[in-house]
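Descriptive analysis of the structure
Here are the chains, one letter per residue:
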Amino acid sequence: MTGISAEAEGTVQRLRDGMAGGVLSFPLTSFHGDGGLDLDSYRAYLTGQLAASPGLGPAPGAVFPACGTGEFFSLDEDEYREVVRATVEVAAGRLPVVAGIGYGWAQARRFARIAEEAGADALLVLPHYLVAAPQDGLVEQLRQIAAGTSLPLIAYQRGQVAFTAEGLRRIAGIPTVIGLKDGHSDLDRLQRLTLAAPDGFLFFNGASTAEIQARAYATVGVPAYSSAVHAFAPEIANAFFTALHTDDHTTTTKLLRDFYVPLVELRDRVPGYAVSLIKAAARLRDLPVGPTRAPLTDPGPTDLTALEKILDTGLGLVGAQRQR
């Protein structure tokens, strides 16, 4: 890529290497029972998330704190600073730290400055708040954010944010915009975007429970994906990643059929379960993540029982147990 600093080029290469070697981790943010930020528990949880061991599999390729799974939308600026700083300290340079930023460009700049001061390597620009916008506005939004930080930016298209091929060319022309995370799962559109992108531009599969569509995304040149499952079951996430990258179709199909599809069907029952169900699964494994914050709600007894069964099935498929 041209027009970016040597440091940013180094971040791009680290991300590219990480994407090839492991899933992308989007950790949960730990809260106390009263809703307050629980930094000690977050550090303990994140240490386990970023570990590599024979039981857990390889360490993730990169870590994305304070994004959707990490309830960015419920953090104030002081809490955000502490979460990003703790992530940088726990990661200790072993893998890239890509912090979430969002809302309008002015507020996104504030979060960008905080993340930069806290030591983040790059930023994921979450979809802006509420309103739909034309391509000119989407491009200008990124220009304004880029003008306020030296960190590399990854755009996230989801919800009201969707780039055309021409829009993609324009954001790729912003020197510090290095990639695009896609949450629309429109493979026709995505193929057009990958063909329009310059050499070296990064693409990420950001679909909810991305493993469900990982094979399809790979066919249009987007093999890298974020894994919500890694937030509570690295053993399952890493087993799927390994099977996918070694063309072990038997294992990928079995995991999809017996674990991922039932999990998605349960997730789709209630709005917000894309986060709160993941947090509930982590608590079932005694991971110190605490409850979700409003407007999300934690699952009730019936859904928890179903989740417990799905989790035990998935762990059994990869030879793991609920308690590590």
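Scroll up to find the structure this text is about.
Please read all numbers here as calculations on a predicted model, not as lab measurements.

Time to look at the environment of L15. Tracing the backbone through its elements, the reader meets L15 in helix α1 (residues 6–21). The class for L15 is buried, based on a relative accessible area of 0%. Counting along the chain gives 287 residues from L15 to T302, while the straight-line C-alpha distance between them is 40 Å. Those residues in contact with L15, other than ones at most four positions away along the chain, are A62, P96, V98, I154, I178 and L202.

A few words now on a nonpolar patch on the surface. Together, Y129, L130 and V131 make up an exposed nonpolar region whose accessible area comes to about 360 Å². In this fold, Y129 is placed in the loop between β4 (122–125) and α5 (135–146). Relative accessible area serves as the criterion here: at 58%, Y129 is assigned to the exposed category.

A word on the side chain of S276. Within the element layout of this structure, S276 appears in helix α11 (residues 273–284). According to the relative accessible area criterion, S276 is buried, its value standing at 1%.

Right, let's talk about the side chain of Q49 for a bit. Topologically, Q49 is positioned in helix α2 (residues 39–49). Within the structure, the side chain of Q49 is placed 3.3 Å from the backbone oxygen of A231, a separation counted as a polar contact.

Let us look at the layout of surface pockets. Considered as a void within the structure, the largest pocket measures approximately 830 Å³ in volume. As for the largest pocket, its lining consists of 37 residues, and the residues nearest its centre are G68, T69, Y156, R158 and V275. For the lining of the largest pocket, the secondary structure elements donating two or more residues are β8 (226–227), α10 (249–267) and α11. Looking at the lining of the largest pocket, the element that brings in the most residues is α11, giving 5 residues. In terms of residue class, the lining of the largest pocket is built from 22 nonpolar, 12 polar and 3 charged. Estimated volume of the second largest pocket: approximately 170 Å³. Taken together, R16, M19, A20, F201, L202, F203, G221, V222, P223, A224 and H245 make up the full set of residues lining the second largest pocket. At the level of secondary structure, the elements contributing two or more residues to the lining of the second largest pocket comprise α1 and β7 (202–205). By residue number, the principal contributor to the lining of the second largest pocket is α1, which donates 3 residues. Its residues assigned to classes, the lining of the second largest pocket shows 8 nonpolar, 2 polar and 1 charged.

What counts, and at which threshold
Residues numbered from 1 in each chain as written. Predicted model: local features only at pLDDT ≥ 70, side-chain atom pairs only at ≥ 80, totals over all residues. Heavy atoms only, no water. Helix = DSSP H or I, 4+ residues; strand = E, 2+ residues; numbered from the N terminus. Buried < 20%, exposed > 50% of the residue type's maximum accessible area, 1.4 Å probe, protein only. Contact = heavy atoms within 4.5 Å. Patch = residues over 30% accessible without salt bridge, like charges linked within 9 Å, V, L, I, M, F, W, Y side chains within 5 Å. Areas by Shrake-Rupley, 256 points an atom, 1.4 Å probe, with all protein chains shown as cover. Salt bridge = Lys/Arg side-chain N within 4 Å of Asp/Glu carboxyl O. Polar contact = N/O pair within 3.5 Å; in protein donor to acceptor, adjacent residues only side chain to side chain. 1 Å grid on protein atoms, 1.4 Å probe; cavity = no way out; pocket = protein on both sides within 12 Å on 5 of 7 lines; lining within 4 Å. Points joined across faces, edges and corners; volume = space filled by probe spheres on them. Nonpolar A, V, L, I, M, F, W, Y, C, P; charged D, E, K, R; others polar.

Note that every value here comes from positions in space, so none of it alone points to a role or purpose.
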